[in-house]
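Per-entry structural report
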Amino acid sequence: MLGLLGLRLPPAGFLLLLPFLLLLLPATPAPHRASYKPVIVVHGLFDSSYSFRHLLEYINETHPGTVVTVLDLFDGRESLRPLWEQVQGFREAVAPIMAKAPRGVHLICYSQGGLVCRALLSVMDEHNVDSFISLSSPQMGQYGDTDYLKWLFPTSMRSNLYRICYSPWGQEFSICNYWHDPHHDDLYLNASSFLALINGERDHPNATAWRKNFLRVGRLVLIGGPDDGVITPWQSSFFGFYDANETVLEMEEQLVYLRDSFGLKTLLARGAIVRCPMAGISHTAWHSNRTLYETCIEPWLS
């Protein structure tokens, strides 16, 4: 019948070879999927990488294929080590990740880890951080009685803790590195071996270089809220802090901002500071709250 229509069947040998010939044809290109920048997560006081399993799950769902590294350093009680020691350890861990990411990386840094990350941005000359996401971190310091403090210094209250924290041996504890007593500002400025330095509140030979390094960051995302229960005042997460009367002054009223001592004013002027306050979240829930992630973190993970 086919012959009557003028059509000829291909030889039987050709039919046998057809599957193999098809293998030689160029493959159809796979649909393009966006490539996301690597994410580095730094934990807080008494934490470990396990605490961030929910955050890791959220990132994998919304940004599949993203390389996420939750750094497993200074876990548990080791997080009480002096912060400069921790900065050096985390620096050695993040440098190779940054070197393999020519388009840059994102930092998500929780609680005390937010101060570690800010110091990293200051001391690393060639960092390539796109978004620095500070997750409920006491960026202007801590001045509050918490369970952590009561466990560490059971006989002290916040009103007299400066006697310990502003001593040489007190500065050997991470939490004392950012203890900021508004009633003893002179002692803080003279004794603080960490926060006063990264804030540019005390002169040191690296101040200009650290400011230049910090301003390499693409975006600073500040997250916190009034129901945190640990960060005191909670506005410290947004660079606000108490004055001598324990009235909270917002970031724009702080001397470190007005003097632009480490670059805050410059960042805000170029539109590189994002503030994301959220009520109803306790301190230990920031990295597991899905709504918080979708609102304040996910939009900046390019």
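Remember, it's a predicted structure, so these values are computed and weren't measured experimentally. (Residues numbered from 1 in each chain as written. Predicted model: local features only at pLDDT ≥ 70, side-chain atom pairs only at ≥ 80, totals over all residues. Heavy atoms only, no water.)

**Description of the packing of aromatic side chains**
Here is the rule we go by: For Phe, Tyr and Trp, where Trp contributes only its six-membered ring, two rings pair if their centres lie within 6.5 Å, and the inter-plane angle classes them as stacked under 30 degrees, edge-to-face over 60, or tilted in between. Note on criteria: charge over ring means Lys NZ or Arg CZ within 6 Å of the ring centre, with the direction from the centre no more than 35 degrees off the ring normal.
Under the criterion given, the structure shown has 13 aromatic pairs. Within the aromatic cluster, the residues linked to one another by ring pairs are Tyr-143, Trp-179, Phe-241 and Tyr-242. For the cation-ring pair, Arg-118 lies above Phe-262, with the distance from its terminal atom to the ring centre recorded as 4.6 Å.

**Remarks on empty space enclosed by the protein**
The condition that has to hold: Only protein atoms enter the calculation, which uses a 1 Å grid: trapped sets of points that fit a 1.4 Å probe without letting it out are cavities, open sets showing protein on both sides within 12 Å along at least five of seven lines are pockets, and any residue with an atom within 4 Å of a point is a lining residue. Grid points are joined across faces, edges and corners, and a volume is the space filled by probe spheres set on the points. A run of DSSP states H or I qualifies as a helix once it reaches four residues; a run of E qualifies as a strand once it reaches two. Both are numbered from the N-terminal end. Charged means Asp, Glu, Lys or Arg here, nonpolar means Ala, Val, Leu, Ile, Met, Phe, Trp, Tyr, Cys or Pro, and polar covers whatever is left, Gly included.
For the structure on display, the rule yields 2 cavities of 30 Å³ or more. Its boundaries defined by the atoms lining it, the second largest cavity holds a volume of some 60 Å³. Together, Ser-122, Leu-197, Ile-198, Gly-200, His-204, Ala-207, Trp-210, Arg-211, Phe-214, Ser-261 and Phe-262 line the second largest cavity. Breaking the lining of the second largest cavity down by element, the ones donating at least two residues are helix 9 (195-198) and helix 10 (207-214). A total of 4 residues in the lining of the second largest cavity trace back to one element, the largest contributor, which is helix 10. For the lining of the second largest cavity, the per-class residue count stands at 6 nonpolar, 4 polar and 1 charged.

**Observations regarding unusual backbone geometry**
The condition that has to hold: Each residue's exposure class comes from its accessible area (1.4 Å probe, protein chains only) as a fraction of the maximum for that residue type: buried when under 20%, exposed when over 50%, partly exposed otherwise.
Omega for the peptide link from Thr-232 to Pro-233 comes to -10°, which places this bond in the cis form. Relative to the helices and strands, Pro-233 is located in the loop between strand 5 (219-224) and strand 6 (241-242). In the Ramachandran plot, Ser-136 falls in the positive-phi region, its phi being about 50° despite a non-glycine side chain. Mapped onto the secondary structure, Ser-136 falls in the loop between strand 4 (129-135) and helix 5 (147-152). A relative accessible area of 0% places Ser-136 in the buried class. Even without being glycine, Phe-239 reaches a positive phi, approximately 65°. Position of Phe-239 among the secondary structure elements: in the loop between strand 5 and strand 6. By relative accessible area, which is 0% here, Phe-239 ends up buried.

**Section: helix 3 (residues 83-99)**
Spelled out, the test is: Helix span, expected: 1.5 Å multiplied by one less than the number of residues in the helix. Note on bend: at a given residue it equals the angle between the axes fitted to the 7 residues ending there and to the 7 starting there. Any two residues whose heavy atoms approach within 4.5 Å at even a single point are treated as in contact.
Its 17 residues place the ends of helix 3 24 Å apart at the C-alpha level, agreeing with the 24 Å of an ideal helix rising 1.5 Å per residue. The sharpest bend along helix 3 comes to roughly 25°, located at Ala-93, with the proline Pro-96 sitting one to four residues further on. Those residues of helix 3 that sit buried are Leu-83, Gln-86, Val-87, Gly-89, Phe-90, Val-94, Ile-97 and Met-98. The inward-facing, buried residues of helix 3 contact strand 1 (39-42), strand 2 (68-70), strand 3 (105-110), helix 4 (112-123), strand 4 and helix 7 (174-177).

**Some thoughts on the packing of helix 3 against helix 4**
Just so we agree on the cut-off: All axes here are fitted lines through C-alpha atoms, helices being fitted over the stretch that makes contact, and every angle between N-to-C directions spans 0 to 180 degrees. Oblique is the label for any angle not under 35 degrees, not over 145, and not in the 65 to 115 range, which are roughly parallel, roughly antiparallel and roughly perpendicular in turn. Handedness of a helix crossing follows the sense of rotation of the near helix relative to the far helix, less than a right angle counterclockwise being left-handed and clockwise being right-handed.
At a closest axis distance of 9 Å, the pairing of helix 3 and helix 4 adopts a crossing angle of 65°. Looking at the two axes, helix 3 sits roughly perpendicular to helix 4. Considering the relative orientation of helix 3 and helix 4, their crossing is right-handed. For the pair helix 3 and helix 4, contact is made by Leu-83, Trp-84, Gln-86, Val-87, Phe-90 and Arg-91 and by Gln-112, Val-116, Ala-119, Leu-120 and Val-123, respectively. Its residues placed into classes, the contact of helix 3 with helix 4 shows 8 nonpolar, 2 polar and 1 charged.

**Quick notes on the sheet that holds strand 2**
Cut-off, in case you're wondering: The criterion for strand pairing is that DSSP finds at least two bridges linking the strands in question.
Taking strand neighbours across the sheet as the criterion, the 6 strands line up as 2-1-3-4-5-8 in an open arrangement whose pairing is parallel. The strands lining the two open edges of the sheet, one partner per strand, are strand 2 and strand 8 (273-277). Taken over all neighbouring pairs, the strand axes of this sheet differ in orientation by 15° on average, direction set aside. Pairing between strand 5 and strand 8: 5 bridges, direction parallel.

**So, the side chain of Ser-174**
Mapping Ser-174 onto the fold places it in helix 7. Here Ser-174 falls in the buried class, since its relative accessible area comes to 0%. Not counting residues within four places of it along the chain, the set of residues in contact with Ser-174 comprises Leu-45, Ser-79, Leu-80, Arg-81, Pro-82, Leu-83, Gln-86 and Gln-112.

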